[in-house]
Amino acid sequence: MKKLITAILMVMAAVTAYAFPFDKYSLNRSDLPQEAQEFLSTYFPKGKVSMIKVDKHLFKKTDYDVKLVNGTKIEFNNKGKWTSVDCKTRQVPEVLVIKPIQRYADKQFPGTKIVKIEKKTLGFEIELSDGVELKFDRLGTFKSMSMDD
């Protein structure tokens, strides 16, 4: 009986794997939603795309991961709104950071720059150039800090 159930589960997994489309990789910006294309043109106009991953999930909506030649990684949701921008060692475009967060980082951590920002359900997470990670609520009120090991 155990072997029969295992066999059925394996067949179901194989059928699901073939029936569901796999992730798609591309270099073509037109594979992104219009809003994501506009975001790239506005904030990274000289950025050359090294890879676009169209990430199709079984029960969730599609999201998009874009990697630029300079190492910057940008994630977009299914509507083309950015959810994460990781510029590695370069500064995230300042217009992506709400003013209270920018003021807090400038005041508390002078000489550093914001190199990563993520939109979360309850707020924002940023990473500074010195490895400090900060969490803020949706209005930009500081919540917590941690050090990158």
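Residues numbered from 1 in each chain as written. Predicted model: local features only at pLDDT ≥ 70, side-chain atom pairs only at ≥ 80, totals over all residues. Heavy atoms only, no water.

1. Here we look at the nonpolar core
In step 1: Residues F39, F76 and V85 are the most contacted members of the largest nonpolar core, which totals 30 residues.
In step 2: Each residue touching F39, except ones within four places of it in the same chain, is listed here: F44, I74, F76, W82, V85 and L96. (Core = buried A, V, L, I, M, F, W, Y, C linked by side-chain atoms within 4.5 Å. Buried < 20%, exposed > 50% of the residue type's maximum accessible area, 1.4 Å probe, protein only. Contact = heavy atoms within 4.5 Å.)

2. Here we look at the side chain of D55
In step 1: Mapped onto the elements of the fold, D55 is located in strand β2 (residues 49–55).
In step 2: Buried and without a salt bridge, D55 has K53 as its closest oppositely charged side chain, separated by 4.2 Å.
In step 3: Not counting chain neighbours up to four residues away, the residues in contact with D55 comprise D23, K61, T62, D63 and D65. (Helix = DSSP H or I, 4+ residues; strand = E, 2+ residues; numbered from the N terminus. Lys, Arg positive; Asp, Glu negative; His and termini not counted. Salt bridge = Lys/Arg side-chain N within 4 Å of Asp/Glu carboxyl O.)

3. Here we look at helix α2 (residues 34–43)
In step 1: All of the buried residues in α2 are A36, F39 and L40. One side of α2 carries all its buried residues, which in axial view fall inside an arc of 95°.
In step 2: For α2, the elements touching its buried residues are β3 (63–68), β4 (73–76) and β5 (82–86). (Arc of directions from axis to C-beta.)

4. Details of the environment of D130
In step 1: Its location among the elements puts D130 in the loop between β7 (123–128) and β8 (132–137).
In step 2: Residue D130 is classed as partly exposed on the basis of its relative accessible area, which comes to 43%.
In step 3: Through-space distance from the C-alpha of D130 to that of K113 is 8.2 Å; in sequence the pair is 17 residues apart.

5. Topic: the pattern of salt bridges
In step 1: Counted by the stated rule, this structure contains five salt bridges.
In step 2: Residue K116 pairs with E118 through a salt bridge whose shortest N-O separation is 3.5 Å.
In step 3: Owing to a relative accessible area of 22%, K116 belongs among the partly exposed residues under this scheme.
In step 4: Residues joined by salt bridges that share partners form a network here, namely K116, E118 and K120.

6. Describing the confidence of the model for the chain
In step 1: Model confidence for the chain is summarised by a mean pLDDT of 87, while 86% of its residues fall at 70 or above.
In step 2: When mean pLDDT is taken per element in the chain, β5 scores highest with 97 and helix α1 (residues 2–19) scores lowest with 60. (pLDDT = per-residue confidence, 0-100.)

7. What about the sheet that holds β7?
In step 1: Strands sit in the order β1-β2-β3-β4-β5-β6-β7-β8-β9 across an open sheet of nine strands; the sheet is antiparallel. Each end of this open sheet is capped by a strand with a single partner; those strands are β1 (24–26) and β9 (142–147). Each strand of the sheet is rotated relative to its neighbour by a mean of 15°, with strand direction disregarded.
In step 2: In this sheet, β3 lies alongside β2 in antiparallel orientation, the contact comprising six bridges. By the bridge assignment for β3, D55 is matched with D63. (Pairing = 2+ DSSP bridges. Axes fitted to C-alpha atoms, helices over the stretch in contact; angles between N-to-C directions.)

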